[in-house]
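What the coordinates show
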Amino acid sequence: MIIKIFFTLALFCSTTTIVFSQNLDSLLVVARHTKNDSVKVSLYNKVGFYSIFNDLKNANQVLKQGIQIAKKKNEYIGLSELINTYGIYMDVSGKSDSAKYYFNRALQLSKEHQIPTTEVRCLNNLGMFNWNRGEFKEAQDFFFKALKMYEVLKDEKSRAIPLSNIGLIYQELNMVEEALEYHLQSLKIRKTYSLKKEQTNSYNNIGICLKELKRFDEAFDAYTKGLEIGLESGNLLHYYKILENIGTLYDELGQYNKALEYYNKSYDGSVELKSNRKGQLIVLAKITGVYNKLNKPIQALKYSKKAESILIENPHYNNYSDDFYVNSAESYFRIGNASKARELINSFVKMKDSMFSDSNANGLASLEVKYQTEKKEKQILSQRADLAEKELNLNKKNTQLIGLIILAVVISLLGYLLFKQQKLKNNQLQRESELKEALVKIETQNRLQDQRLRISRDLHDNIGAQLTFIISSIENLQYGLKIKNEKLINKLSSISDFSRDTIYELRDTIWAMNKNAISLKDLQTRISNFIDKADISSSSIQFDFNINQSLSKDIEFTSVIGMNVYRIIQEALNNAIKYSDAKNISVNILKENKSVKIEIKDNGKGFKESETEEGNGLNNIRKRAQDMSANLNIESDINTGTNVALILPI
């Protein structure tokens, strides 16, 4: 029960609460003798709320008494707050259906009596209620409604709450760039209002997103700031969560002992707090995975069984158990228990199918588009209102002017009025035409964005998931069947490597599809990541990457041109690595007149174009350059190396 109480407190306390030093019984005595009805009801709500986390039986009695008093006195503000708190009581008591009923009842009551502060609190509570049960689309809908309501109320400080929650829902569905955008917005608000505890949470979520985007140094910086502020503010719950995520970062970098060190610190701290069983499930699954990588499956299964017991106690955590299923299956494969491993893999596939369904992803995308469209429509309506007001004022001035000079210059005035009216009409028609064009552009952009999201989600969920399953199946075959045939092992490894390369290609394609434009900075990051990987796999080659400082990092290309440039560089580097026998390979991005020049040079054995039959690689490079209407020069000779130069106008 302590675990459930702590978690519910974290979910439903959306504003800072006052911790009373008086005994709750004494406060209840004060409430009963208070003559002011609104104060009386408010005190009953406070006593009932804090009793939830101390004495559930007393909380039930106090809240029921408070509800009866509020109804009798027609104190609708206090009544809506008491019913909302009673929903929290029901959730802590494990009565989910009743909790949902009271949250919705409080929401309805606050709407009927126009109590926006309670209404927006109910929206947040319903969002958290659905999220905690893995119903992401419903949760996101409530969070967007809360965000829009805070905007109407002009409560900038509270906007950080739904912004952060929206980002977390995107994290759950691996929509990392969207999640990062919302977390950064939330952090900016929390810094403005010095919300230290909440900043810890934001830095943790930002670190997770940066890690997923392979921006490891930035992720370390975010985690470090989060740890510092977490200790300073006493936010130990997220302090231990950041320790876990630092462990995840070391895990991904292959530093398994460091990963175990941070995982164990996180787990021990969470157990000491007697809270967050979901977090304990996640970190136990990660420890299981590390011991598998260290080839200690027996040790791994000790932690797997602890995680399994948490999942049995809390079946609604199933949506957070992907690492548990995969890592536990690997452990059982390693000890030869293939049937148990297959059972876990099947559970993993079912969980993913329900979590990443097309309706779930498309539903979230439609909520995002709907929210942005409504904002733009409000801006357009506001502009129209301003235009109408200005036109009205102008007409009033014209009427006053007519009254002053009508006797003296009747004929001139009539001509002037006709001219002004025609000018006003033309201006109005022009403005209406501009507004219509703006609406058409907005609708077109929304449709294009919806198509991009749908296609990229289909690619990620279907092809990406299938390739990941192929890789997992091949690795399970290698470990589970103990194959000793070297040729078969090499063949399986080759298939696995090819599948991984295909996933990287797919991610690059999705990355480009989701951008309207690709900046030079984006290209620099992608090229650097590719060269880093090439440097690791080709230790005998020295790689150099230089970009002219005079070039603005804000230079942008269309997503198609940006992707073609990246593919040309990638293909040229691959050709140099495979065929040139070079010791040095360099990539240089220069400014040449009003163009960007990209050079890929090597000091390898070279070739004569006249004596060499061009393969798919060079043909692909020429075709991409032709599609971009860019100039391409390939210079090479025996023992002099090769220089591929691509020139793009800016």
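Attention here is on the structure that accompanies the text. Please read these numbers as outputs of a predicted model, since none were measured by experiment.

Conventions we followed
Residues numbered from 1 in each chain as written. Predicted model: local features only at pLDDT ≥ 70, side-chain atom pairs only at ≥ 80, totals over all residues. Heavy atoms only, no water. Helix = DSSP H or I, 4+ residues; strand = E, 2+ residues; numbered from the N terminus. Buried < 20%, exposed > 50% of the residue type's maximum accessible area, 1.4 Å probe, protein only. Contact = heavy atoms within 4.5 Å. Areas by Shrake-Rupley, 256 points an atom, 1.4 Å probe, with all protein chains shown as cover. Axes fitted to C-alpha atoms, helices over the stretch in contact; angles between N-to-C directions. Parallel < 35°, antiparallel > 145°, perpendicular 65-115°, else oblique. Left-handed = near helix turned anticlockwise from the far one by under 90°. Phe/Tyr/Trp six-rings, centres within 6.5 Å; stacked < 30°, edge-to-face > 60°. Pairing = 2+ DSSP bridges. Salt bridge = Lys/Arg side-chain N within 4 Å of Asp/Glu carboxyl O. Expected span 1.5 Å × (residues − 1).

**Considerations on the overall build of the protein**
Scanning the protein from N- to C-terminus turns up 24 helices and seven strands. Per-residue burial for the protein yields a buried fraction of 46% across its 650 residues. When contacts within the protein are restricted to residue pairs at least 6 apart in sequence, those whose partners lie at least 24 apart make up 64%. Put simply, the protein shows about 34,600 Å² of open surface, and 51% of that area lies on carbon and sulfur atoms.

**Section: the packing of helix α6 (residues 96-112) against helix α7 (residues 116-132)**
Contact pair α6 / α7: the axes reach a minimum separation of 8 Å and the direction vectors enclose 155°. As summarised for this structure, α6 and α7 are arranged roughly antiparallel, according to the angle between their axes. In the crossing of α6 with α7, the sense of the turn from one axis to the other is left-handed. Residues Ser96, Ala99, Lys100, Phe103, Asn104, Ala106, Leu107, Ser110 and Lys111 of α6 touch α7, and the partners they reach there are Thr118, Glu119, Cys122, Leu123, Asn125, Leu126 and Phe129.

**Let's talk about the packing of aromatic side chains**
Enumeration over the complete set of coordinates arrives at 13 aromatic pairs. Arranged with centres 6.2 Å apart and planes meeting at 75°, the rings of Phe103 and Phe129 form a pair that is edge-to-face. Pair noted here: Phe103 is in helix α6 and Phe129 is in helix α7, with a separation of 26 residues, a long-range link. For the pair formed by Phe103 and Phe129, the shared burial category is buried. Consider the rings of Tyr291 and Tyr303, whose centres lie 5.6 Å apart with planes at 15°: the pair is stacked. Separated by twelve residues along the polypeptide, Tyr291 in helix α15 (residues 277-293) and Tyr303 in helix α16 (residues 297-313) bring together distant segments of the chain. What makes Tyr291 buried here is its relative accessible area of 11%. An aromatic cluster of at least three residues, connected via ring pairs, comprises Tyr86, Tyr89, Tyr101 and Tyr102.

**Regarding the pairing of strand β4 (residues 584-592)**
Strand direction decides the pairing type here: strand β2 (residues 542-547) and β4, joined by six bridges, are parallel. Across the sheet, the residue bridging to Ile547 is Ile589, located in β4. As judged from the eight bridges shared by β4 and strand β5 (residues 595-602), these two strands associate in the antiparallel manner. What sits directly across from Ile589, in β5, is Ile598. Counted along the chain from β4 to the antiparallel partner β5, the turn is two residues long, and its residue Asn593 has a positive phi close to 55°.

**A few points about unusual backbone geometry**
You will see that Lys214, though not glycine, has its phi angle at about 65°, which is positive. When you line up the elements, Lys214 lands in the loop between α11 (196-212) and α12 (216-233).

**What about the pattern of salt bridges?**
Under the defined criterion, the tally for this structure stands at 22 salt bridges. Lys145 serves as the salt-bridge partner of Asp141, at 3.7 Å between the closest nitrogen and oxygen. You can see Asp141 and its partner Lys145 sitting in helix α8 (residues 136-153), four residues apart, about one turn around the helix. With relative accessibility at 39%, the residue Lys145 sits in the partly exposed group. Via salt bridges that share partners, Lys211, Glu212, Lys214 and Glu252 belong to a single interconnected network.

**Quick look at the sheet that holds strand β7 (residues 641-649)**
With mixed pairing, the five strands of this open sheet are ordered in space as β2-β4-β5-β7-β6. The open sheet is flanked by β2 and β6 (631-637), the only strands paired with a single partner. Pairwise comparison of adjacent strand axes, ignoring direction, gives a mean angle of 10° for this sheet. Looking at chain direction, β6 and β7 are connected through seven bridges and run antiparallel. By the bridge assignment for β7, Leu632 is matched with Leu646. Each of β2 and β4 touches helix α22 (residues 520-537); the most contacted strand, β2, lies at about 170° to it. Helix α23 (residues 559-579) rests against β2, β4, β5 and β7 of the sheet, and its axis sits at about 15° to β5.

**Details of helix α5 (residues 76-92)**
Compared with an ideal rise of 1.5 Å per residue, which puts 17 residues at 24 Å, α5 spans 24 Å between its outermost C-alpha atoms and is within 8% of the ideal. In terms of burial, α5 is a largely internal element, 14 of the 17 residues being buried. Where α5 terminates, the next one or two residues include Gly94, which has phi positive at roughly 85°.

**As for the side chain of Asn292**
For Asn292, the position within the fold is in helix α15. Apart from the residues within four sequence positions on either side, Asn292 is in contact with Pro297, Ala300, Asn327, Glu330, Ser331 and Arg334.

**Re the pairing of β7**
Successive side chains on a regular strand alternate, one facing one side of the sheet and the next facing the other. By the criterion of burial, β7 is predominantly enclosed, with eight of the nine residues buried. Bridge analysis of β5 against β7 gives eight bridges, and the strand direction is antiparallel. Within β7, the residue paired with Glu599 across the bridge is Ala645.

**Side note on α15**
The first and last C-alpha atoms of α15 sit 25 Å apart over 17 residues, in line with the 24 Å expected at 1.5 Å per residue. Most of α15 sits out of view: 16 of its 17 residues are buried. Asn295 occupies a position one or two residues after α15 and carries a positive phi of about 60°.

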